[in-house]
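An overview of the molecular structure
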Amino acid sequence: VMSYPLVSVIIPVYQAENFVTECIRSVQAQNYPELEIILVDDGSTDCSGQMCEESAAADPRIRVLHQNNKGSGAARNAGIKEATGKYLLFLDADDKLDDPSAICSLAVQAEREQADIVIGTYRRWKANGEKVKCCSNLEKENPDSTEFRFQGFFQNGALSYDWGKLYRRSFLEVHDLWIPPYSYAEDKAHNFRCCACHPKYAFVPQSIVLYRENLQSLTFRPKKDLMQNWILLASDFEQFLKEKSLSRKYGDLIFFHLLIGAMYLAKEEMTYKGKKIRVVAKVLKKYHANPFVKEKLTWKACVHYTAHIQSLFWKALAFTLVFFLQVHAYSILAAVLVLMSRLGIDSL
């Protein structure tokens, strides 16, 4: 007879009055018997906090924490401190679990494989109601390989997000793996650190989360300090690796993160300032002028790390980006990125 270890579901809630009830109900509808649900109201000024309290009054499995607005990473950390489950599952308040058996599938696999992190697939839930499945083939790759990390963090993103994964709480605690306080991409920073601590990964083929493309969410708004934040994430991770004496093994994460940063910053400029070569060239020049970026995006690093990835498209793109940055041909690189955007092949 299988025992059911307690799973703590942690949901940061901020200005989510239109979505939070549906999110909570998707957790309440799970067929898994041992759940605690921790709602962290992150300083909402709408009715979200009150709606959380009403849900808690009606369901003894639910606890509500209220804090001043500090961002979703700090809200998740508050939930981790409060959690008592063997496993943690993070969920965003504007998303929902995709199937009543989602948590059971993750927990059974975690126990079977003695895994530290269990990853499922997810479906994108578009504004027009369309649901598109996003899956990964990571279980076929060696978890210690550059290819595994490249696919998981950059090519399909399955490793990047905190939501929709089952984490063994003791793994996070032993390695002191809190979510860093960035204004953007703190999920990726957290999972970089998790990956560097050598977790046992396991996978389920099932869609765990319906990820809502909420155009009001942070993901779809212009981001302040994006460049500074992007570089800080990589330099902090390098410091983390030095403290753990792991710096040589995970340099690929820093290289590819900074490489994709050039594309991401260009895309952000095009989204909010128009597809102008001059505008994109200016941001590329500023990015490459940063000493940390310049130190990491070298020809030698490009040859070394791209040798370990399979995708010919990404190999070619990496060499193109590094070459034009190295020779300071920012306008030519900007023209390439603008053309890619117009052809629709920049969907990072």
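On a predicted model such as this, the values are computed, not experimentally measured, just so you know. (Residues numbered from 1 in each chain as written. Predicted model: local features only at pLDDT ≥ 70, side-chain atom pairs only at ≥ 80, totals over all residues. Heavy atoms only, no water.)

Check the secondary structure of the protein and you find 14 helices and nine strands. Taking 348 residues into account, the globule formula puts the C-alpha radius of gyration at 20 Å, and the protein, at 21 Å, falls close to it. With respect to the three principal axes, the spread of C-alpha positions in the protein is 65 × 40 × 35 Å. Burial analysis of the protein (348 residues in total) assigns 57% to the buried set. Working note: accessible area of the protein is about 15600 Å², and carbon and sulfur atoms make up 53% of it. (Helix = DSSP H or I, 4+ residues; strand = E, 2+ residues; numbered from the N terminus. Rg over C-alpha atoms; globule rule 2.2 N^0.38 Å. Buried < 20%, exposed > 50% of the residue type's maximum accessible area, 1.4 Å probe, protein only. Areas by Shrake-Rupley, 256 points an atom, 1.4 Å probe, with all protein chains shown as cover.)

Packing of helix 9 (residues 251-273) against helix 12 (residues 299-306) brings their axes to within 10 Å, and their N-to-C directions diverge by 115°. Between helix 9 and helix 12, the angle falls in the class roughly perpendicular. Between helix 9 and helix 12 lies a crossing of left-handed hand. Across the interface between the two elements, Gly 251, Asp 252, Phe 255 and Phe 256 from helix 9 touch Ala 301, Cys 302, Tyr 305 and Thr 306 from helix 12. The residue inventory of the contact of helix 9 with helix 12, partitioned by class, reads five nonpolar, two polar and one charged. (Axes fitted to C-alpha atoms, helices over the stretch in contact; angles between N-to-C directions. Parallel < 35°, antiparallel > 145°, perpendicular 65-115°, else oblique. Left-handed = near helix turned anticlockwise from the far one by under 90°. Contact = heavy atoms within 4.5 Å. Nonpolar A, V, L, I, M, F, W, Y, C, P; charged D, E, K, R; others polar.)

Right, let's talk about the nonpolar core for a bit. Formed by 84 residues in total, the largest nonpolar core has its most connected members in Phe 237, Phe 255, Leu 258, Tyr 287 and Leu 337. The element that contributes the greatest number of residues to this core is helix 9, accounting for 13 residues. Apart from residues lying up to four places away in sequence, Leu 258 is in contact with Trp 230, Ile 231, Ala 234, Tyr 287, Phe 292, Val 293, Lys 296 and Leu 297. (Core = buried A, V, L, I, M, F, W, Y, C linked by side-chain atoms within 4.5 Å.)

Another aspect to go through is helix 3 (residues 72-82). Looking only at helix 3, the buried set comprises Gly 73, Ala 75, Arg 76, Asn 77, Ala 78, Gly 79 and Ile 80. Looking at the buried residues of helix 3, the elements they touch are strand 1 (7-13), strand 2 (35-42), strand 3 (62-67), strand 4 (87-90) and helix 7 (186-196).

Most of strand 2 sits out of view: eight of its eight residues are buried. Both faces of strand 2 are covered, namely the face carrying Leu 35, Ile 37, Leu 39 and Asp 41 and the face carrying Glu 36, Ile 38, Val 40 and Asp 42. The pairing of strand 1 with strand 2 spans seven bridges and is classified as parallel. Bridge assignment links Val 7 to a residue of strand 2, and that residue is Leu 35. Once you follow strand 1 into helix 1 (residues 20-28) and on to strand 2, the crossover reads as right-handed. Where strand 2 lies against strand 3, six bridges are found, and the strand directions are parallel. Counterpart to Ile 38 in the pairing with strand 3 is Arg 63. Running through helix 2 (residues 48-58), the crossover from strand 2 to the neighbouring parallel element strand 3 is right-handed. (Pairing = 2+ DSSP bridges. Right-handed = clockwise from strand over helix to strand, strands pointing away.)

With that out of the way, let us pick up empty space enclosed by the protein. Tallied over the full model, the rule gives two cavities of 30 Å³ or more. Every residue along the wall of the second largest cavity is listed here: Ile 80, Leu 172, Glu 173, Asp 176, Leu 177 and Trp 178. In terms of residue class, the lining of the second largest cavity is made up of four nonpolar, no polar and two charged. (1 Å grid on protein atoms, 1.4 Å probe; cavity = no way out; pocket = protein on both sides within 12 Å on 5 of 7 lines; lining within 4 Å. Points joined across faces, edges and corners; volume = space filled by probe spheres on them.)

It is worth spelling out a nonpolar patch on the surface at this point. A contiguous nonpolar patch, built from Trp 299, Val 303, Phe 323 and Val 327 and spanning about 360 Å² of accessible area, is present on the exposed surface. Checked against the element boundaries, Trp 299 lands in helix 12. (Patch = residues over 30% accessible without salt bridge, like charges linked within 9 Å, V, L, I, M, F, W, Y side chains within 5 Å. Salt bridge = Lys/Arg side-chain N within 4 Å of Asp/Glu carboxyl O.)

This part takes up the environment of Glu 111. One can find Glu 111 in helix 4 (residues 102-113). Distance in space between the C-alpha atoms of Glu 111 and Pro 60 is 26 Å, their sequence separation being 51 residues.

Right, let's talk about the pattern of salt bridges for a bit. Working definition: two side chains of opposite charge can pair if their charged atoms are close together. Enumeration according to the criterion identifies 19 salt bridges in this entry. Two residues, Asp 187 and Arg 76, come together in a salt bridge whose shortest N-O distance is 2.6 Å. Of this pair, Asp 187 sits in helix 7 while Arg 76 sits in helix 3; the two residues are 111 residues apart in sequence, bridging distant segments of the chain. Of the residues examined, Arg 76 reaches a relative accessible area of 1% and is grouped as buried.

What follows is about the packing of aromatic side chains. Inspection of the entire model under this criterion finds 26 aromatic pairs. Their ring planes at 65° and their centres at 6.3 Å tell us that Phe 154 and Phe 192 sit as a pair that is edge-to-face. Here Phe 154, found in helix 5 (residues 146-155), pairs with Phe 192, found in helix 7; they are 38 residues apart in sequence, far enough to count as distant. The pair formed by Phe 154 and Phe 192 is uniform in burial state, with each residue classed as buried. A centroid spacing of 4.7 Å and a plane angle of 10° characterise the contact between Tyr 161 and Trp 163, whose relative ring orientation is stacked. With relative accessibility at 6%, the residue Trp 163 sits in the buried group. Each member of the aromatic cluster is reached from another via a ring pair, and the members are Phe 150, Phe 153, Phe 154, Phe 192, Phe 237, Phe 240, Phe 255, Phe 256, Tyr 305, Phe 313 and Trp 314. Positioned over the ring face of Trp 178 is Lys 81, at 5.6 Å from the centre of the ring. (Phe/Tyr/Trp six-rings, centres within 6.5 Å; stacked < 30°, edge-to-face > 60°. Lys NZ or Arg CZ within 6 Å of the ring centre and 35° of its normal.)

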